[in-house]
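Descriptive structure summary
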Number of protein chains: 4
Amino acid sequence: MEKFRIREATVVYLEKPDLKEPILIEGLPGVGNVGKLAAEHLIDEIKAKKFAEIYSTDFPPQVFVNADGTIKLVKNELYYWKGEKDLIILTGDYQGMSSKGQYMLAEAVLDIAEEFGTKMIYTLGGYGTGLEIEKPRVIGAATDKELVEELKKYGVVFKGEEGGGIIGASGLLLGLGKLRNMRGACLMGETSGYIVDPNSAREVIKVLTEMLGIKISFARLDEKAEEVKRITSRIRSLEKALMEKESKEDLRYIG
Amino acid sequence: MEKFRIREATVVYLEKPDLKEPILIEGLPGVGNVGKLAAEHLIDEIKAKKFAEIYSTDFPPQVFVNADGTIKLVKNELYYWKGEKDLIILTGDYQGMSSKGQYMLAEAVLDIAEEFGTKMIYTLGGYGTGLEIEKPRVIGAATDKELVEELKKYGVVFKGEEGGGIIGASGLLLGLGKLRNMRGACLMGETSGYIVDPNSAREVIKVLTEMLGIKISFARLDEKAEEVKRITSRIRSLEKALMEKESKEDLRYIG
Amino acid sequence: MEKFRIREATVVYLEKPDLKEPILIEGLPGVGNVGKLAAEHLIDEIKAKKFAEIYSTDFPPQVFVNADGTIKLVKNELYYWKGEKDLIILTGDYQGMSSKGQYMLAEAVLDIAEEFGTKMIYTLGGYGTGLEIEKPRVIGAATDKELVEELKKYGVVFKGEEGGGIIGASGLLLGLGKLRNMRGACLMGETSGYIVDPNSAREVIKVLTEMLGIKISFARLDEKAEEVKRITSRIRSLEKALMEKESKEDLRYIG
Amino acid sequence: MEKFRIREATVVYLEKPDLKEPILIEGLPGVGNVGKLAAEHLIDEIKAKKFAEIYSTDFPPQVFVNADGTIKLVKNELYYWKGEKDLIILTGDYQGMSSKGQYMLAEAVLDIAEEFGTKMIYTLGGYGTGLEIEKPRVIGAATDKELVEELKKYGVVFKGEEGGGIIGASGLLLGLGKLRNMRGACLMGETSGYIVDPNSAREVIKVLTEMLGIKISFARLDEKAEEVKRITSRIRSLEKALMEKESKEDLRYIG
């Protein structure tokens, strides 16, 4: 075994699966944590198997402490799934913290994907609106016009001139992938950007699994969405109560 | 084809044109976006052809989304034009974000120019005044005194002791180029620095094309300048209206 | 002798001791300076001998001036001690200032430890509570469950889900060490985080020496703890006096 | 000639002088600009000759514009002087902007000095007091006790425990030089730290030239000190006048 040496992107293989042109799917932390929630849900539902870990000098110099008191170094993880279409799924604790780290990590992931013969990439993320969204839409971007048209059939919305930019791994994997002749699309669930948003993640993963022809349950994301709803509504009642109390006290001063 | 690998400066050639001692012209984003506006106008008017793209780990980790929903990785671009004097024109989405990146990118551009036999460089930019300028002058700086004298004949102004410094690609290409025995000048259009300034860009490109003996139309820059004027004047009337409304309301409280 | 060249981690050996599977102990500056105080106390008490210095471009570009007017470049230091169980102890002036530096320095230390055959690591630090702690507990984390259970026997507390993360050398040495098949534990003394805390350091070093079967005096740490107590209580009386004076003056204005 | 390539420290030789164990003297920008003023004064007075320039990706990406409109890339410069004791003098526009750059630049300078056989280094700087100093003392630090004693004979003051640290090139050249078995001392002129301080620089250069047995005039530094005094006193009278005017206006409102 090669000696472990941490660099901007150090890949540690747990196994080398035999995959056929696997589709690469990325869901890392970001706006509303939508991408990560979506990727983790997919991994759980299809029971994808971890085959590689990526460590980086561009992640925070940090370990997490598990509930049982054991530690784990911050990392990204790659899972695979063999089905009608094979999949590689990227998720993890952090994105790279510097511009250079982001590029080097994206390149390392593409190197792995290329080795397995990947020709297609889906990156998942949140699309911050600053407003609470009851029914989040899925906003898209893609490497080519044919794919844009294809995505529209699945209800993905394209925003034309307002489209703006995609920052981080979800953008870079597509941009750098295109330079390696990989096709790809970014699916972004609308989200306020203020809270972790399983509601938005569900819409993203719905579109993705429909496109991939994979049938999964969304029950767990529904539950998480319900819990977030309960928590935010509880916070809101507390805020309201506090404000009413304060305004009464204000009156006392005046009256 | 060599495998794409992104580094501090990765050049991707679309073609390798046959050029004779091309003059290098730089116009990247900066104060008032003057340099970029000027370079893009020149490219459009003389129909210069793109022959290379430069990607960098020192650009933001970002893709832009085009109006049609397709993405493009942020980059710099090199165009060429064959004429009485051949030209290479550098423009792009960003300048390097770190000091090191700036130096490495400038060096990469000079490597390309040197390969084509470049002996002369013009860098274009804005000269921030903090004041609105009706008739922007073109401020200059050059690698040698002969060139300073030459530029004065075209109305370029030299500010003597107040001259100060030139930060970014416009300065570095001249400074690093001089160490490779390239001559060069920086042409900076006066601009408030608060808005994108096509008015200033026109004055810069006028001097440049006159020096190069190239005849182009300035109509599109004139149009852009008119539009900026319309928008700023509209903003000003709105501000005035708002202030008047506010002062009336103040009176109501008093009266 | 190889020429001195400073890089992210440059090790200068003063001697190469003959050690048998030495246990690596780390105590670098951090929350309450607990780790550093603990490591220095151990070094002093067991009379460990310095055998290597580590310099780094990721430490501040700085020398300290000693009381006698001589200078010393900022560095980390490695000490050894030969006993029932051999020890290597890491302490120093600073931790790396960037994420990358932190990783590279941890890796350099692990390289040294690995060369000597290290299989076990203890990292020492403070656990910031934001509150003054009369009787600080020792909070733990470890690379494996067996070690967690072992530590519990020595009174080390594990916080389950609240555990959170460990940032810096104390975390990285364990996380990166685990990837080299080294076992390890982090011992963190509770501390307010507002002052240098010898009281907390004593609790940490007590657990450590008990586990290692080493008997040392804690008198010097007790003295330091007493001194810190005296100083903080003096500051508090001054603050109280000042507040009383101010409130009297306030009354004068009113009365 | 080797092709110019800018890196963290790129040395361009103008000539390779024949020097015998030259003493290295450093005076770069810093507190009160004392070190730079002192080094430049020495260069001017003894007519030292420039033999090398150092460029760096860690300097700002900037050119300066000279009074005649020509540009110069920011850099450090090395001068030499052949006398009873040969000298190499380092001055320049900037110090490195990052920790790593500082270390790499100091190492590059020491490489050059080592090649010429340097065994002794003097670094010059300011010692910020936060207070205006009528008669600035020269504060010292050195690589060994013998040198500390030697310096005391020339009136250099050592501050014992308060000594603190020396940040930047003045510290690093001594600290890294010591690791190469070079001896050295830092001479720091007391200065408020708020203004460029030729008065402090004169005291530093006086001690240095006395130690080196070099006789120079201090007239130009005296003149500069006079000018700084005139300017600061003029500013002070203006401030006083302004305050008086303001307090009269205040009275008008009241009266």
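Residues numbered from 1 in each chain as written. Chains lettered and ligands numbered in written order. Predicted model: local features only at pLDDT ≥ 70, side-chain atom pairs only at ≥ 80, totals over all residues.

Of the regular secondary structure elements, chain A holds 6 helices and 11 strands. Viewed in the frame of its principal axes, chain A has a C-alpha envelope of about 75 × 45 × 35 Å. (Helix = DSSP H or I, 4+ residues; strand = E, 2+ residues; numbered from the N terminus.)

When chain D is fitted to chain B, the best match, at an RMSD of 0.1 Å, comes from turning it 90° and sliding it 0.0 Å along the axis. Within this description, the copies of the chain are treated as partners about a four-fold rotation axis. Distance from the rotation axis, computed per C-alpha, reaches its smallest value in chain D at Ser98(D): 7.8 Å. (Least-squares fit on C-alpha atoms with pLDDT ≥ 70 in both.)

All right, on to the sheet that holds strand β7 (residues 87–92) of chain D then. Residues and elements named next belong to chain D. Read from one edge of the open sheet, 8 strands run β1-β3-β6-β7-β2-β8-β11-β9, paired in mixed fashion. A strand with exactly one partner marks an edge of an open sheet, and here the two such strands are β1 (10–13) and β9 (138–142). With strand direction ignored, the average angle separating the axes of adjacent strands in the sheet is 20°. Along the sheet, helix α4 (residues 169–178) makes contact with β2 (23–26), β8 (120–128) and β11 (183–191), crossing β8 at roughly 150°. (Pairing = 2+ DSSP bridges. Axes fitted to C-alpha atoms, helices over the stretch in contact; angles between N-to-C directions. Contact = placed C-beta atoms within 7 Å.)

Below, the discussion takes up the interface of chain A and chain B. Counting from both sides, the interface comprises 29 residues of chain A and, opposite them, 17 residues of chain B. Elements that contribute at least two residues to the side of chain A that touches chain B include exactly α2 (99–116), β9 (138–142), α3 (145–152), β10 (165–167) and α4 (169–178) of chain A. One ladder, built from 3 bridges, connects β10(A) with strand β4 (residues 62–65) of chain B; its direction is antiparallel. If you follow Gly165(A) over to β4(B), its bridge partner there is Phe64(B).

One turn of the α-helix equals 3.6 residues, which is why residues spaced by three or four share an orientation. Residues and elements named next belong to chain C. Here helix α2 (residues 99–116) is 18 residues long and its end C-alpha atoms lie 26 Å apart, about the 26 Å a rise of 1.5 Å per residue gives. The element α2 is largely enclosed, with a buried count of 13 among its 18 residues. Taken from the residues just after α2, Gly117 is the one with a positive phi, measuring 95°. (Expected span 1.5 Å × (residues − 1). Buried ≥ 20, exposed ≤ 12 C-beta atoms within 10 Å, placed from the backbone.)

Take the domain arrangement of chain A next. Residues and elements named next belong to chain A. According to the domain assignment, chain A consists of domain 1 (10–216) and domain 2 (218–255). Spacing between the C-alpha centres of domain 1 and domain 2 amounts to 33 Å. Elements with a contribution of two residues or more to the side of domain 1 that touches domain 2: α1 (34–46) and α5 (198–212). If you tally residues by element for the side of domain 1 that touches domain 2, the top one is α5, at 5 residues. Classifying every residue of the side of domain 1 that touches domain 2 by side-chain character gives 4 nonpolar, 2 polar and 3 charged. (Domains from an automatic or database assignment. Nonpolar A, V, L, I, M, F, W, Y, C, P; charged D, E, K, R; others polar.)

Next up on the list: the interface of chain D and chain B. Contacts between the two partners involve 17 residues from chain D, matched on the other side by 29 residues from chain B. At the level of secondary structure, the elements contributing two or more residues to the side of chain D that touches chain B comprise β4 (62–65) and β5 (71–73) of chain D. Element by element, the count of residues in the side of chain D that touches chain B is highest for β4(D), at 4 residues.

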